[in-house]
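Given next are the chains, with one letter for each unit.
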Amino acid sequence: MSPPGSLAERAPSSLWPVAKRLLTITFFGLVAWLLFHQARAIEWDEVWATVLALPNGVLALGALLALASYTLYSTFDLFGRHLTGHPLGAGRVMLVTFISYAFNLNLGALVGGFAFRYRLYARLGLDNAVITRVLTMSMLTNWLGYIVLAGTVFLLRPLALPPDWKLGSEGLQMLGGVLLAVAAAYLLACAVSTRRSWTVRGHEIALPSWRIAGLQLVMSCANWLLIASIVYVLLQQRIDYPAVLSVLLVAAVAGVITHVPAGIGVLEAVFVALLSHQMPKGELLGALLAYRAVYYLGPLIVATVTFLFVEARAKALRKSA
């Protein structure tokens, strides 16, 4: 028998980070190859012409849907407020969530999802333990809807993936089944588990009631559907909505795995790889550039101005205290 702390006992835990890193590098390499392969065949003049030719009504509807999505997402931190019972008002919570989400989309989770939330909530008087629980609930809400939608779409309407991806329709259906099983396990735990909280690395993770979990699911699914609707509208409905939703869900997880801020290039590579047979690449990329302007850059400008105002106000209050 190997002594405690021996190499045999440490091997599984030491191999996992290496395997995870290799998988990430492999996936990132695949996306980089897609970017290089697709960029060579793109007529960029056609891309800009497509952007400039988008009707004002289409852009306005896309912006309206983006506003609806941001408003809905801004309520996700209210689940953490309900769970922790912290005293901040709903308006302040939604403002913090909006700023964090805009920076999260454009600069990555560490900057937006984490750093901005901790800074803004700390200024409003919340301690790190409460902020962590709020953040955990918000992230869980967002990805719960993703898991259910992706699982349903992949299981019932799998995409025709390129041969180079080494994952056919059957593999995608299996993934869909696994995702739905994970979501069902969470909802079941919220409904019947007698243990309602766990401590992981010093942080408490608590299960909400089944009613709250159901509301999380509905709101998150609605938000992902809204995001897909923005792309669908900017594509001027030339591609079926279920196909747009499916590709968006694949692109979303690809962006998370590759850790590319704003998923720059990743989103475009996935859409071009999976939908260029239905629409010219230049027109497809033009619509995606418009989507970035409407859903990423526009809200980022508003969030930046709002954040600077909040910081200036906080500084003035400290000086007057």
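Since this is a predicted model, take the numbers as computed values, not measurements.

Q: I would appreciate a short explanation of the nonpolar core in the present structure.
A: One finds Leu249, Phe271, Tyr291 and Tyr295 to be the most contacted residues of the largest nonpolar core, which totals 85 residues. Not counting the four nearest positions on each side in its chain, tyrosine 295 is found in contact with Ala66, Ser69, Tyr70, Tyr101, Leu105, Asn223, Ile227 and Ile230.

Q: Please clarify how the environment of alanine 90 should be interpreted in this entry.
A: Within the fold, alanine 90 resides in helix H5 (residues 90–107). Sequence-wise, alanine 90 and serine 74 are 16 residues apart; in three dimensions their C-alpha atoms are separated by 9.8 Å. Apart from residues lying up to four places away in sequence, alanine 90 is in contact with Leu78 and Arg81.

Q: Is there a simple way to explain helix H6 (residues 110–123) in this structure?
A: One turn of an α-helix holds 3.6 residues; hence residues three or four places apart share an orientation. With 14 residues, H6 ought to run about 20 Å at 1.5 Å a step, and its terminal C-alpha atoms sit 18 Å apart, in line with that. Among the residues of H6, those classed as buried are Gly112, Gly113, Phe116, Arg117, Leu120 and Tyr121. Looking at the packing, one finds that the buried side of H6 touches helix H3 (56–73), helix H4 (77–84), H5, helix H7 (128–156) and helix H12 (281–320). Downstream of H6 by a residue or two, glycine 125 has a phi angle that is positive, lying close to 100 degrees.

Q: Whenever I open this one, H4 confuses me. Can you help?
A: For H4, every residue scored as buried is listed here: Asp77, Phe79 and Gly80. For H4, the angular spread of buried residues about the axis comes to 150 degrees, placing them on one side. In the stretch just after H4, glycine 85 is the one whose phi turns positive, near 75 degrees.

Q: Quick question: what am I supposed to make of the environment of alanine 184 here?
A: Tracing the sequence through the fold places alanine 184 in helix H8 (residues 169–192). For the pair formed by alanine 184 and valine 148, sequence separation is 36 residues and the distance between their alpha carbons is 8.7 Å.

Q: Just to check I follow, could you spell out the packing of H4 against H5 for this structure?
A: Contact geometry for H4 and H5: axes closest at 9 Å, N-to-C directions at 135 degrees. Comparing their axes, H5 and H4 come out oblique. Handedness of the H4/H5 crossing: right-handed. Between H4 and H5, the residues in contact are Asp77, Leu78 and Arg81 and Ala90, Val93, Met94 and Thr97, respectively.

Q: Would you explain the packing of aromatic side chains in this entry?
A: For any pair of aromatic rings, geometry is given as the distance between the ring centres together with the angle between the planes. Overall, the coordinates contain 16 aromatic pairs when judged by the stated rule. Relative to phenylalanine 98, the ring of tyrosine 70 has its centre 5.7 Å away and its plane inclined at 65 degrees; by these criteria the two rings are edge-to-face. Taken as a pair, tyrosine 70 in helix H3 and phenylalanine 98 in helix H5 lie far apart in primary sequence, 28 residues in all. Relative accessible area serves as the criterion here: at 4%, tyrosine 70 is assigned to the buried category. Note on phenylalanine 98: relative accessible area 16%, which makes it buried. Through a chain of ring-to-ring contacts, three or more aromatic side chains come together here, namely Tyr70, Tyr73, Phe76, Phe98, Tyr101, Tyr291, Tyr295 and Tyr296.

Q: Please clarify how the pattern of salt bridges should be interpreted in this entry.
A: Close approach of charged atoms allows side chains of opposite charge to pair. What the rule picks out here adds up to six salt bridges. With a shortest N-O distance of 2.9 Å, glutamate 311 and arginine 123 are connected by a salt bridge. In this pair, glutamate 311 is assigned in helix H12 and arginine 123 in helix H6, connecting sequence segments 188 residues apart. For glutamate 311, a relative accessible area of 14% gives the class buried. Notably, a salt bridge pairs arginine 157 with aspartate 240, separated by 3.9 Å at the nearest N-O pair. Within this pair, whereas arginine 157 is found in the loop between H7 and H8, its partner aspartate 240 is found in the loop between helix H9 (210–234) and helix H10 (241–258), the two being separated by 83 residues in sequence. Residue arginine 157 is classed as partly exposed on the basis of its relative accessible area of 42%. Salt bridges here are not isolated pairs; linked through shared partners, they connect Arg119, Arg123 and Glu311.

Each value, and the rule that gives it
- Residues numbered from 1 in each chain as written.
- Predicted model: local features only at pLDDT ≥ 70, side-chain atom pairs only at ≥ 80, totals over all residues.
- Heavy atoms only, no water.
- Core = buried A, V, L, I, M, F, W, Y, C linked by side-chain atoms within 4.5 Å.
- Buried < 20%, exposed > 50% of the residue type's maximum accessible area, 1.4 Å probe, protein only.
- Contact = heavy atoms within 4.5 Å.
- Helix = DSSP H or I, 4+ residues; strand = E, 2+ residues; numbered from the N terminus.
- Expected span 1.5 Å × (residues − 1).
- Arc of directions from axis to C-beta.
- Axes fitted to C-alpha atoms, helices over the stretch in contact; angles between N-to-C directions.
- Parallel < 35°, antiparallel > 145°, perpendicular 65-115°, else oblique.
- Left-handed = near helix turned anticlockwise from the far one by under 90°.
- Phe/Tyr/Trp six-rings, centres within 6.5 Å; stacked < 30°, edge-to-face > 60°.
- Salt bridge = Lys/Arg side-chain N within 4 Å of Asp/Glu carboxyl O.

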